[in-house]
Amino acid sequence: MDDFKVEVLPNDFNTYDLSFKIIIIGDSGVGKSCLTLKATKDYFEEYYSATVGFEFFTFNVKIDGKYVKLQIWDTCGQEIYRSLISSFYRNSSLAMMVYAIDNMDSFDHIGSWLNEVKTQSSPDVKIFLIGNKTDLENKRKVRKDVADKFALENKLDLCMETSAKSGFNAKNIFIEAAKMLYAEHLRFKDRASKGSLGGNDVKLPQPQKLTAKRIDGEEEKKKKGCC
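Quick caveat: nothing in here was measured; it's all calculated off a predicted structure.

Undergrad: Give me the overall build of the chain: which residues, what numbers.
TA: Within the chain, the regular secondary structure consists of six helices and seven strands. Helices and strands appear in the chain in the N-to-C order β-β-α-β-β-α-β-α-α-β-α-β-α. Taking all 227 residues of the chain together, the buried fraction comes to 50%. Considering only contacts within the chain whose residues lie at least 6 apart along the sequence, 79% involve residues at least 24 apart. Summed over its atoms, the accessible surface of the chain is roughly 11,500 Å², and 47% of this surface lies on carbon and sulfur atoms.

Undergrad: Kindly report on the pattern of salt bridges, identifying the contributing residues and their values.
TA: Tallying each qualifying case throughout the model produces nine salt bridges. Taking the shortest distance from any N to any O, the salt bridge between R140 and E161 comes out at 2.9 Å. A residue pair is termed long-range when its members are at least 10 positions apart, and R140 in the loop between β6 (126-132) and α5 (144-153) and E161 in strand β7 (residues 158-161) qualify at 21 residues. With a relative accessible area of 22%, R140 lands in the partly exposed category. According to the relative accessible area criterion, E161 is buried, its value standing at 10%. Each of K126, E184 and R187 takes part in one network of salt bridges that share partners.

Undergrad: Now, about the pairing of β6: what can you tell me, with residues and values included?
TA: Buried residues dominate β6, accounting for seven of its seven residues. Because side chains alternate across β6, one face comprises the buried residues K126, F128, I130 and N132, and the other comprises I127, L129 and G131, equally buried. Pairing of strand β5 (residues 94-100) with β6, which is carried by seven bridges, proceeds in the parallel orientation. Each residue of the ladder has a partner; that of A100, found in β6, is N132. Examined bridge by bridge, β6 and β7 share four bridges and lie parallel to one another. Residue pairing across strands places I130 opposite M160, the latter belonging to β7.

Undergrad: Residues and numbers for the environment of M104, please.
TA: In this structure, M104 sits in helix α3 (residues 104-108). By relative accessible area, which is 34% here, M104 ends up partly exposed. The sequence separation of M104 and V142 amounts to 38 residues, and the corresponding C-alpha distance is 5.9 Å. If we skip the residues at most four places from it in the chain, M104 touches K141 and V142.

Undergrad: Describe the sheet that holds β6, listing the residues and the values that go with them.
TA: Taken in spatial order, the seven strands line up as β1-β3-β4-β2-β5-β6-β7 in an open sheet, and their pairing is mixed. Pairing within the sheet leaves two strands with one partner each, and these edge strands are β1 (6-8) and β7. Adjacent strand axes in the sheet meet at a mean angle of 25°, parallel and antiparallel pairs treated alike. Against the sheet, helix α1 (residues 32-41) makes contact with β2 (18-25), β3 (54-63), β4 (66-75), β5 and β6, and its axis sits at roughly 35° relative to β3, the strand it touches most.

Here is what the cut-offs are and how they apply
Residues numbered from 1 in each chain as written. Predicted model: local features only at pLDDT ≥ 70, side-chain atom pairs only at ≥ 80, totals over all residues. Heavy atoms only, no water. Helix = DSSP H or I, 4+ residues; strand = E, 2+ residues; numbered from the N terminus. Buried < 20%, exposed > 50% of the residue type's maximum accessible area, 1.4 Å probe, protein only. Contact = heavy atoms within 4.5 Å. Areas by Shrake-Rupley, 256 points an atom, 1.4 Å probe, with all protein chains shown as cover. Salt bridge = Lys/Arg side-chain N within 4 Å of Asp/Glu carboxyl O. Pairing = 2+ DSSP bridges. Axes fitted to C-alpha atoms, helices over the stretch in contact; angles between N-to-C directions.

Honestly, it's all geometry; don't read function into it.
Right, here's the structure in full:
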């Protein structure tokens, strides 16, 4: 990973030079929303309401003097909403596939989520594999080396474990995402300036208006954790 100087900025910071879209996917109950809340607002709720449709967050960083905004689309994991989620893959720069280390089924389903990313997103999308709920180490079902092997075999860009409850690596996964996407932007910019990509064919990430709202629907409380 490129060695950048990174500063995490307040959640309501409005100035940005670049913005990137990130989609968070994975089974219901693995802690996607709780993890994103912990990273963006330093807040954890033990029994967070199940996401209906999607929720929208931002994560702001300053990288080598440039202001970067991550537009984070936290999606629902229920099968009934899978067709709705597919529309959010488009134009995503990075996908985070989340499983829970105490839930083997959630890890076994990662292959299906990965297939969706590869078929619905652009060919150059970055993909992270995130094992959440390390605070439940005594209930671990998915070994770290097994996840690492899956990431290596499928040429994923990052494999990391986290805990929404303790905050372990919660911010780090988004910092790493920002660094990777910023580095990719610089590489494309450099190649474009040298004419190696045909000038107008190069599409650099551009700032865009951030508008989103949560889809209304029936609230479903998770009895055994957040989604």
